[in-house]
Number of protein chains: 2
Amino acid sequence: MPNHVSDFETGDSRYMVRSLAKGLSLLLCFGRESPSLSLKELAERMGWSKGTAYRFTFTLQQLGYLDQDPTTKRYRPGVKVLDLGFGCLSSMGLTERAQSYLEELFQKTGQPVHLAVLDDADIVYVARRADRSLTTINLYVGARLPAYCTSMGKVLLAYRPREEVRRLMKGVTMRRHTPHTVTSLERLHREFEQIRRAGYGITDQELELGVHSAAAPIWDASGQVIAAVNVSTLAGRVSLEELRGRFVPRLLEAADRISIALGHVTRVEARAV
Amino acid sequence: MPNHVSDFETGDSRYMVRSLAKGLSLLLCFGRESPSLSLKELAERMGWSKGTAYRFTFTLQQLGYLDQDPTTKRYRPGVKVLDLGFGCLSSMGLTERAQSYLEELFQKTGQPVHLAVLDDADIVYVARRADRSLTTINLYVGARLPAYCTSMGKVLLAYRPREEVRRLMKGVTMRRHTPHTVTSLERLHREFEQIRRAGYGITDQELELGVHSAAAPIWDASGQVIAAVNVSTLAGRVSLEELRGRFVPRLLEAADRISIALGHVTRVEARAV
DNA sequence: AAACATGGTTCGGCATTGCGCAACCAAATT
DNA sequence: AATTTGGTTGCGCAATGCCGAACCATGTTT
């Protein structure tokens, strides 16, 4: 078996259609730091020849996923990319069904509330309800944050089998974002234990100083935890006690209602307060 | 030049990388009506052999753009699709910069407000701020509506060169969604004239009975109209006069502010009221 | 329980596709 | 005018991805 060409992907990528993978990775180049790219830049970033880069941008442009400025020739993502993402998002039905409960939770607490799902060891925001700029980090739908240092992330991990958590967290370096960040896997597992007992989780300034939040799991009809809701508060304005005492009960109520809306059969569970 | 095989795409698709196009069209299969699909269904919809369908789903799954239910084997869009859409959306910067102004407009009017851009003859929602379920249609970010019968659509078209409008509207059948819908291109052009003079546009129940709305253009630094904001109201609760008198001034103010935030150099323009 | 049906997975062989390369343009810069 | 930079083509060949058909693994029918 002469390893003539590095076919890295563990070999199981025998079926991988490469051109598709390439094209998609090209779309990922665009972001906040590089909202538009020239053909040259694209080719360099991807490590492709100009010709190849041209064929891919051409294709994506034809299909509407890239726009090209006619004068500068630079490419920008086209609005059609939203068709990819959001036909899909709506297909989950999650956001739509959760929206009104998020609204209610926001009204009752006056704090920004979010909905997120787990993807590998990240959480991805899928909906939010907040006042303008209460949050320090700029969170938008689709944003990713590491799971291990966020309340929703911990909740989502807490309800996964231990084996899966091990697999997901393998390769994640638990960076100490703040002095409060939990950076030991063992400690994390103890927190998961606690979360499962309490039915919710709290993180205190682990990702960013001055922000703490509480999160609760959302169950679907099959009894899986598929998402988490949180309430996020500023440490300077709301104490942990207040978060726990005033906001958590509302949070749990909202989480339950969303779960029910998704068809979850509620089991009355004892919750340590 | 023997046209041996139908290479439909006007011939200029010589450079089209087919596998990419195919893979992307596969992702578009998923939507509200079909949130999950089996390999078989996918193969049928696409007109592919099972093997081909398998390789594409395999690829997309490996990359995280598709999830597969391990028991039923059915595919659903993976959360990673949001990376495609929203890395991009954020790269526009538009939504982020507009968010706080939308919030303000919503607070002042108490009505749902939206932000949309033009894509072909459609408008695509890129941001919104609304109470729960005031709207009858379920609008989410990424949703598409025809431009010709929406306030934002008309505004967006009104500021495009006539030639471009002709091109975009070619092939669009102006369906009479309600008795109020404007279905003549000529009439539409007269409205555009009016919109340019007034600096905003109103549609009265043209897409759906009971809903009317006012929209205003958003300009970028280069003097182009790149988006539109609207305020949408229920005909039963807010009269057209009230919409015009109470809400439009606020709408215009918000639109101006967003434009300025985008670097637009405000020219003081006379606006007919 | 055996036969059947359904739908997912795998393989081999070959036409097609898409790649690198290198030339060709078209603008901007010197 | 000469040079540079970056976008657009064309060619020939190797790798890619397609078809068809077999193989499996479950679930269903008789």
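For the structure itself, look to the data block above.
Draft legend 1. Spatial organisation of the overall build of chain A. Broken down by element type, chain A carries nine helices and eight strands. Burial analysis of chain A (273 residues in total) assigns 50% to the buried set. In chain A, of all internal contacts separated by at least 6 residues, the share reaching a separation of at least 24 is 58%. Of the roughly 13,000 Å² of accessible surface on chain A, 51% is carried by carbon and sulfur atoms.

Draft legend 2. Geometry of the protein's contact with DNA strand D. Contacts to DNA strand D come from 19 residues, most closely from Lys40(A), Lys50(A), Tyr54(A), Arg14(B) and Arg55(B). Close to the protein, within 4 Å, the atoms of DNA strand D are drawn from sugar and phosphate at a rate of 80%. Between DNA strand D and Lys40(A), the relevant distance is 2.7 Å, taken from a phosphate oxygen to a side-chain nitrogen or oxygen of the residue. At a separation of 3.3 Å, a phosphate oxygen of DNA strand D approaches a polar side-chain atom of Ser49(B). At the level of elements, helix H1 (18-27), helix H2 (39-46) and helix H3 (50-63) of chain A together with helix H1 (18-28) and helix H3 (50-63) of chain B are the ones that each hand at least two residues to the surface near DNA strand D. A total of three residues in the surface near DNA strand D trace back to one element, the largest contributor, which is H3(B). A breakdown of the residues in the surface near DNA strand D according to their chemical character gives seven nonpolar, five polar and seven charged.

Draft legend 3. Examining the packing of aromatic side chains more closely. Within this structure, the stated rule accounts for ten aromatic pairs over all chains. Between Tyr15(A) and Phe58(B), the ring centres sit 5.8 Å apart and the planes meet at 85°, which makes this aromatic pair edge-to-face. One end of the pair, Tyr15(A), is in the segment before H1; the other, Phe58(B), is in helix H3, on a second chain. Residues Tyr159(A) and Trp219(A) carry aromatic rings whose centres are separated by 5.2 Å and whose planes lie at 75° to one another, so their mutual orientation is edge-to-face. Of the two residues, Tyr159(A) is situated in the loop between helix H6 (151-158) and helix H7 (162-169) and Trp219(A) in strand S7 (residues 211-219); the sequence distance between them amounts to 60 residues. Here the aromatic cluster, defined as three or more aromatic residues joined through ring pairs, consists of Tyr15(A), Tyr54(B) and Phe58(B). The cationic tip of Lys22(A) hangs over the ring face of Trp48(A); the distance from NZ or CZ to the ring centre is 5.2 Å.

Draft legend 4. Fine view of the sheet that holds strand S5 (residues 144-146) of chain A. All names here are of chain A. Spatially, S5-S4-S3-S8-S7-S6 is the arrangement adopted by the six strands of the open sheet, whose pairing is antiparallel. At either end of the open sheet lies a strand with only one pairing partner, and these are S5 and strand S6 (201-204). Sheet twist, expressed as the average angle between the axes of neighbouring strands with direction ignored, equals 35°. Relative to strand S8 (residues 225-234), strand S3 (residues 113-119) runs antiparallel, the two being bridged by four bridges. Looking at the pairing, His-114 lines up with Asn-230 of S8. On the sheet, helix H9 (residues 240-261) packs against S6, S7 and S8 and is oriented at approximately 25° with respect to S7.

Draft legend 5. Just the sheet that holds strand S7 (residues 211-219) of chain B, in detail. All names here are of chain B. Sheet architecture is open: six strands sit in the order S5-S4-S3-S8-S7-S6, paired in antiparallel fashion. Of all strands in the sheet, those bounded by a partner on one side alone are strand S5 (144-146) and strand S6 (201-204). Mean inter-strand twist for the sheet, computed between neighbouring axes without regard to direction, equals 35°. Here nine bridges tie S7 to strand S8 (residues 225-234), and the two strands are oriented antiparallel to one another. Across the sheet, Pro-217 pairs through a bridge with Ala-228, a residue of S8. The strands that helix H6 (residues 151-158) touches are strand S3 (113-119), strand S4 (122-129), S6, S7 and S8; relative to S8, the one it contacts most, it runs at about 155°.

Draft legend 6. The arrangement of the protein's contact with DNA strand C in detail. Looking at DNA strand C, there are 19 residues lining it, with Arg14(A), Thr52(A), Arg55(A), Lys40(B) and Tyr54(B) nearest. Taking Thr52(A), its side chain carries an N or O atom lying 2.5 Å from a phosphate oxygen of DNA strand C. The element contributing the most residues to the surface near DNA strand C is H3(A), with three residues. Split by residue class, the surface near DNA strand C holds seven nonpolar, five polar and seven charged.

Draft legend 7. Examining H7(A) more closely. Residues and elements named next belong to chain A. Among all positions of H7, only Val-165, Leu-168 and Met-169 are buried. Summarising the axial view, the buried residues of H7 lie within an arc of 90°, below the 170-degree limit, and thus occupy one face. Among the structural elements, S3, H6 and helix H8 (185-198) are those in contact with the buried residues of H7. Positive backbone phi, approximately 90°, marks Gly-171, located one or two places after H7.

Draft legend 8. Representation of the pattern of salt bridges within the structure. Residue and element names in this part refer to chain A. On inspection of all chains with the given rule, the structure shows 32 salt bridges over all chains. The shortest N-O distance in the salt bridge between Lys-108 and Glu-253 comes to 3.6 Å. Of this pair, Lys-108 sits in helix H5 (residues 94-109) while Glu-253 is found in helix H9, placing the two residues 145 residues apart along the sequence. Between Arg-257 and Glu-253 there is a salt bridge, with the nearest N and O atoms lying 2.6 Å from each other. With Arg-257 and Glu-253 both in helix H9 and four residues apart, the pair spans about one turn of that helix. Here Arg-257 falls in the partly exposed class, since its relative accessible area comes to 33%.

Draft legend 9. View of the packing of H7(A) against H8(A). Residue and element names in this part refer to chain A. As a packed pair, H7 and H8 sit with axes 12 Å apart at the nearest point and diverge in direction by 140°. Comparing their axes, H8 and H7 come out oblique. Two packed elements cross with a definite hand, and for H7 against H8 that hand is right-handed. Here H7 contributes Arg-162, Val-165 and Met-169 to the contact with H8, which in turn contributes Leu-185, Leu-188, His-189 and Phe-192.

Rules used throughout
Residues numbered from 1 in each chain as written. Chains lettered and ligands numbered in written order. Predicted model: local features only at pLDDT ≥ 70, side-chain atom pairs only at ≥ 80, totals over all residues. Heavy atoms only, no water. Helix = DSSP H or I, 4+ residues; strand = E, 2+ residues; numbered from the N terminus. Buried < 20%, exposed > 50% of the residue type's maximum accessible area, 1.4 Å probe, protein only. Contact = heavy atoms within 4.5 Å. Areas by Shrake-Rupley, 256 points an atom, 1.4 Å probe, with all protein chains shown as cover. Near = heavy atom within 4 Å. Polar contact = N/O pair within 3.5 Å; in protein donor to acceptor, adjacent residues only side chain to side chain. Nonpolar A, V, L, I, M, F, W, Y, C, P; charged D, E, K, R; others polar. Phe/Tyr/Trp six-rings, centres within 6.5 Å; stacked < 30°, edge-to-face > 60°. Lys NZ or Arg CZ within 6 Å of the ring centre and 35° of its normal. Pairing = 2+ DSSP bridges. Axes fitted to C-alpha atoms, helices over the stretch in contact; angles between N-to-C directions. Arc of directions from axis to C-beta. Salt bridge = Lys/Arg side-chain N within 4 Å of Asp/Glu carboxyl O. Parallel < 35°, antiparallel > 145°, perpendicular 65-115°, else oblique. Left-handed = near helix turned anticlockwise from the far one by under 90°.

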